[in-house]
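Summary of structural features
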Amino acid sequence: MTGCFVKEPIPTRSGHESEVERLYKNLQLDARFYRWEFDLNTGQLKEGPLDDRNSEFPTVNDRWLTKPNRFSWHMDIDPRSTLRFQGLYGYDNHSGLRDHWRYPEAFSCSEAPFIPDLSPSQERNNPADENRGYVITFVTERGATHSEAHLFRADHLNQGPIARIHIPQRIPLGFHACWLDNRVHRDG
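Here goes a summary of the coordinates provided. From a predicted model like this one, the values you see are computed outputs, not experimental measurements. (Residues numbered from 1 in each chain as written. Predicted model: local features only at pLDDT ≥ 70, side-chain atom pairs only at ≥ 80, totals over all residues. Heavy atoms only, no water.)

Bringing the pattern of salt bridges into the picture now. The tally for this structure, following the rule as stated, stands at 11 salt bridges. Arg 98 is the partner of Asp 51 in a salt bridge, and the nearest nitrogen-oxygen pair spans 3.3 Å. Taken together, the residues Asp 51 in the loop between β3 (45-49) and β4 (55-59) and Arg 98 in strand β7 (residues 98-102) connect sequence positions 47 residues apart. Accessibility expressed as a relative area gives 36% for Arg 98, which makes it partly exposed. Within this structure, Asp 51, Asp 52, Arg 53 and Arg 98 form a network of salt bridges that share partners. (Salt bridge = Lys/Arg side-chain N within 4 Å of Asp/Glu carboxyl O. Helix = DSSP H or I, 4+ residues; strand = E, 2+ residues; numbered from the N terminus. Buried < 20%, exposed > 50% of the residue type's maximum accessible area, 1.4 Å probe, protein only.)

Next up, the structure:
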């Protein structure tokens, strides 16, 4: 099982911080991509970090939920700021390879759901297609009154967004989203 591990979910109090400082300290994430392996015969647990970078809010191709999956996408968290997502990581959990995109300092992005490529040429649940799709995130520049939605190819985050959609409203920091296939919603 893979996920993200927060070593200190409730930060140690120094006793000298104000209530506001303590609140902000609680919102600073320090998380690592992590693996837990359970041996159901012996009861043994093998665990450890898969990367030393600060990342959280992983997502996978929902068609692989409850099945062994190879790919995941995470938020790159700025360790100097309170909940500023500064980019995206894409992980190949078999090879250990990592793909990455980082925004300039004045920009923040939101949790990034995976959107599967559902074109008719794609076989449903073909293992080769697990990362065939897109990742979408809302992006806001500090001080701006609008935001953008940025669409990335899930298998090439490092190439940057392939589409940018202007949103005339500012999307708040920490906005969460998920992808809902219209066919599932309509039929469902």
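So, next bit.
Across all of its chains, the model carries 10 aromatic pairs by this definition. Their ring planes at 55° and their centres at 4.8 Å tell us that Tyr 34 and Trp 36 sit as a pair that is tilted. One exposure class covers both Tyr 34 and Trp 36, and it is buried. Ring centres of Phe 57 and Phe 85 lie 5.2 Å apart, and the angle between their planes is 55°; on these two criteria the pair is classed as tilted. Residue Phe 57 is found in strand β4, and its partner Phe 85 is found in strand β6 (residues 85-92); the two are separated by 28 residues along the sequence. Among the residues examined, Phe 85 registers a relative accessible area of 3% and is labelled buried. A connected cluster of aromatic rings, assembled from ring pairs, spans Phe 5, Tyr 34 and Trp 36. (Phe/Tyr/Trp six-rings, centres within 6.5 Å; stacked < 30°, edge-to-face > 60°.)

Positionally, Ser 110 belongs in the loop between β8 (107-109) and β9 (114-116). Beyond its immediate chain neighbours, meaning those up to four positions away, Ser 110 contacts Met 75, Phe 85, Thr 137, Phe 138 and Phe 175. (Contact = heavy atoms within 4.5 Å.)

Note: disulfide means a covalent bond formed between the sulfur atoms of two cysteine side chains. Going through the model one piece at a time under the given rule, you end up with 0 disulfides. Left unpaired, Cys 4 is separated from the closest cysteine sulfur, that of Cys 109, by 14 Å. The class of Cys 4 is buried, set by a relative accessible area of 17%. Under the relative-accessibility criterion, Cys 109 is labelled buried at 2%. (Disulfide = S-S within 2.5 Å.)

In this section: the nonpolar core. Within the largest apolar cluster, 15 residues are counted, with the highest numbers of intra-cluster contacts made by Trp 73, Met 75, Leu 88, Cys 109 and Val 135. Of all the elements in the fold, those that place two or more residues in this core are β5 (71-77), β6 and β10 (133-141). No other element matches β5, which puts 4 residues into this core. For Cys 109, the residues in contact, after removing those within four places along its chain, are Met 75, Phe 85, Gln 86, Gly 87, Tyr 103, Thr 137, Phe 138 and Val 139. (Core = buried A, V, L, I, M, F, W, Y, C linked by side-chain atoms within 4.5 Å.)

What follows is about the sheet that holds strand β1 (residues 2-6). Strand order in the open sheet formed by 3 strands is β1-β2-β3, with antiparallel pairing between adjacent strands. A single partner strand is all that each edge strand has here, and the edge strands are β1 and β3. Averaged over neighbouring strand pairs, the angle between their axes works out to 35° when direction is ignored. As judged from the 5 bridges shared by β1 and strand β2 (residues 31-38), these two strands associate in the antiparallel manner. Across the sheet, the residue bridging to Thr 2 is Arg 35, located in β2. (Pairing = 2+ DSSP bridges. Axes fitted to C-alpha atoms, helices over the stretch in contact; angles between N-to-C directions.)

For the rest of this paragraph, the subject is the environment of Ser 110. Judged by its relative accessible area of 3%, Ser 110 falls in the buried class. Put simply, Ser 110 and His 16 are 94 residues apart on the chain and 32 Å apart in space, counted from C-alpha to C-alpha.

This brings us to unusual backbone geometry. Look at Phe 57: it is not a glycine, yet its phi comes out positive at around 55°. In this structure Phe 57 comes out as partly exposed when scored by relative accessible area, which is 23%. Of note, the phi angle at Thr 66 is positive, near 70°, even though the residue is not glycine. Along the chain, Thr 66 falls in the loop between β4 and β5.

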